[in-house]
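Residue-level listing of the chains:
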Amino acid sequence: MKKIASILMILLMVCSCSSNDIETTESNNFYALTEGNSWEYKYYVKDNVTNNFEVTTITETVNITHTADIDGIIYYNFKHIVVGNDGNTLLPENGEQNFMLRDSLGFLINQMGKIKYSNNNYEEHFVSHIDDISFNSYNLKLSNDEDIITVDNLGDFYCLDNHYFIRDVNGNQLNSTDHIYREDGKGEILSTLSYASQSEHFLEKRLEAYTIQ
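In this text the structure is predicted, and so the values were computed from the model without any measurement.

Parameters and conventions
- Residues numbered from 1 in each chain as written.
- Predicted model: local features only at pLDDT ≥ 70, side-chain atom pairs only at ≥ 80, totals over all residues.
- Heavy atoms only, no water.
- Pairing = 2+ DSSP bridges.
- Helix = DSSP H or I, 4+ residues; strand = E, 2+ residues; numbered from the N terminus.
- Phe/Tyr/Trp six-rings, centres within 6.5 Å; stacked < 30°, edge-to-face > 60°.
- Buried < 20%, exposed > 50% of the residue type's maximum accessible area, 1.4 Å probe, protein only.
- Lys NZ or Arg CZ within 6 Å of the ring centre and 35° of its normal.
- Polar contact = N/O pair within 3.5 Å; in protein donor to acceptor, adjacent residues only side chain to side chain.
- Contact = heavy atoms within 4.5 Å.
- Core = buried A, V, L, I, M, F, W, Y, C linked by side-chain atoms within 4.5 Å.

*Asks:* So what about the pairing of strand 13 (residues 203-211)? Which residues, and what values?
*Replies:* Walk down a regular strand and you will see the side chains alternate between the two sheet faces. For strand 1 (residues 38-46) and strand 13, the ladder comprises eight bridges, and the chain directions are antiparallel. Note on strand 13: the bridge partner recorded for S38 is T211. Note that strand 12 (residues 187-193) and strand 13 share four bridges and pair antiparallel. The residue bridging T192 from the neighbouring strand is E204, located in strand 13.

Printed below as a string of structure tokens:
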């Protein structure tokens, strides 16, 4: 089960599914795609005794450092830096990762045409196969509802919610559902991670501070 949770953590950071039919025109700035924008997140883990989420030592900063022209299309470089992980294999490792992303008619995609998020398409999208005898695929779907996420010291955010979930080999959806909440023009506000067999998540990545140009 820990292996599945680790796989889902990786997929939530670089979520991808086939998008070969997506057009390439940028729609708006829902994803806050502006050079110089930055976000800081803290990771919280659920205490099984109190059921409260306790802050960890892990901090993740995300910066849009520059743009790049790839095959005539402008992409934005998201630099992620994680610090403070003392060896927890379920959480992201310390270090730097860079992802080239753009908006394609409401889909946040990478340079391989793979989807990370959807802000206007409510169909289910295949993300990845899971290498496990019981599980088959990881998928995402945009919720029809807008959610209000309250962040300490930052106030309320009015967010769209992409659901990320697993289907077993028979196509049945498992209990767990992970979420990534984004507000138009503000970026990612909150994301969750759960074990495949449990309906309640055990980890949250919460926005702590941000700068929008």
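That shown, we press on.
*Asks:* An account of the packing of aromatic side chains is requested, with residue identities and associated values reported.
*Replies:* Scanning all chains against the criterion turns up six aromatic pairs. Their ring planes at 85° and their centres at 6.1 Å tell us that Y31 and Y117 sit as a pair that is edge-to-face. Residue Y31 is located in the loop between helix 1 (2-13) and strand 1, and its partner Y117 is located in strand 6 (residues 115-118); the two are separated by 86 residues in the primary sequence. For Y31, a relative accessible area of 1% gives the class buried. The class for Y117 is buried, based on a relative accessible area of 0%. Among the aromatic side chains, those forming a connected cluster through ring pairs are F30, Y31 and Y117. Across from the ring centre of Y117, 5.0 Å away, lies the NZ or CZ of R182, which sits over that ring. The residue whose ring lies beneath K205 is Y41, and the NZ or CZ to ring-centre distance is 4.7 Å.

*Asks:* How would you sum up the side chain of E204? Please name residues and give values.
*Replies:* With respect to the helices, strands and loops of the structure, E204 is situated in strand 13. In this structure E204 comes out as buried when scored by relative accessible area, which is 11%. Of note is the side chain of E204, whose polar atom sits 2.8 Å from the side chain of H201. Once you skip the residues sitting within four places of it in the chain, E204 turns out to touch K42, Y43, Y44, F53, L190, S191 and T192.

*Asks:* Describe the environment of N52, listing the residues and the values that go with them.
*Replies:* Along the chain, N52 falls in the loop between strand 1 and strand 2 (53-70). The spacing of N52 and F202 is 150 residues in sequence and 9.8 Å in space, taken between C-alpha atoms. Once residues within four sequence positions are removed from consideration, N52 is found in contact with V45, K46 and D47.

*Asks:* Describe the side chain of N121, and please don't skip the residues or the numbers.
*Replies:* Tracing the backbone shows N121 in the loop between strand 6 and strand 7 (125-129). Engagement of the side chain of N121 in a polar contact is seen with the side chain of H125, the distance being 3.3 Å. Leaving out residues up to four positions away in the same chain, N121 has contacts with F107 and L142.

*Asks:* Outline the environment of F99, listing residues and values.
*Replies:* Along the polypeptide, F99 turns up in strand 4 (residues 95-104). Through-space distance from the C-alpha of F99 to that of Q111 is 8.8 Å; in sequence the pair is 12 residues apart.

*Asks:* Give a description of the nonpolar core that names residues and reports values.
*Replies:* In terms of nonpolar packing, the biggest core is built from 37 residues, with W39, F78, Y117, I149, I166 and I189 touching the most fellow members. When residues of this core are assigned to their parent elements, the largest contribution, five residues, is made by strand 10 (residues 155-168). If you look at the next biggest cluster of nonpolar residues, it comprises nine residues, including Y43, I58, V82 and L193.

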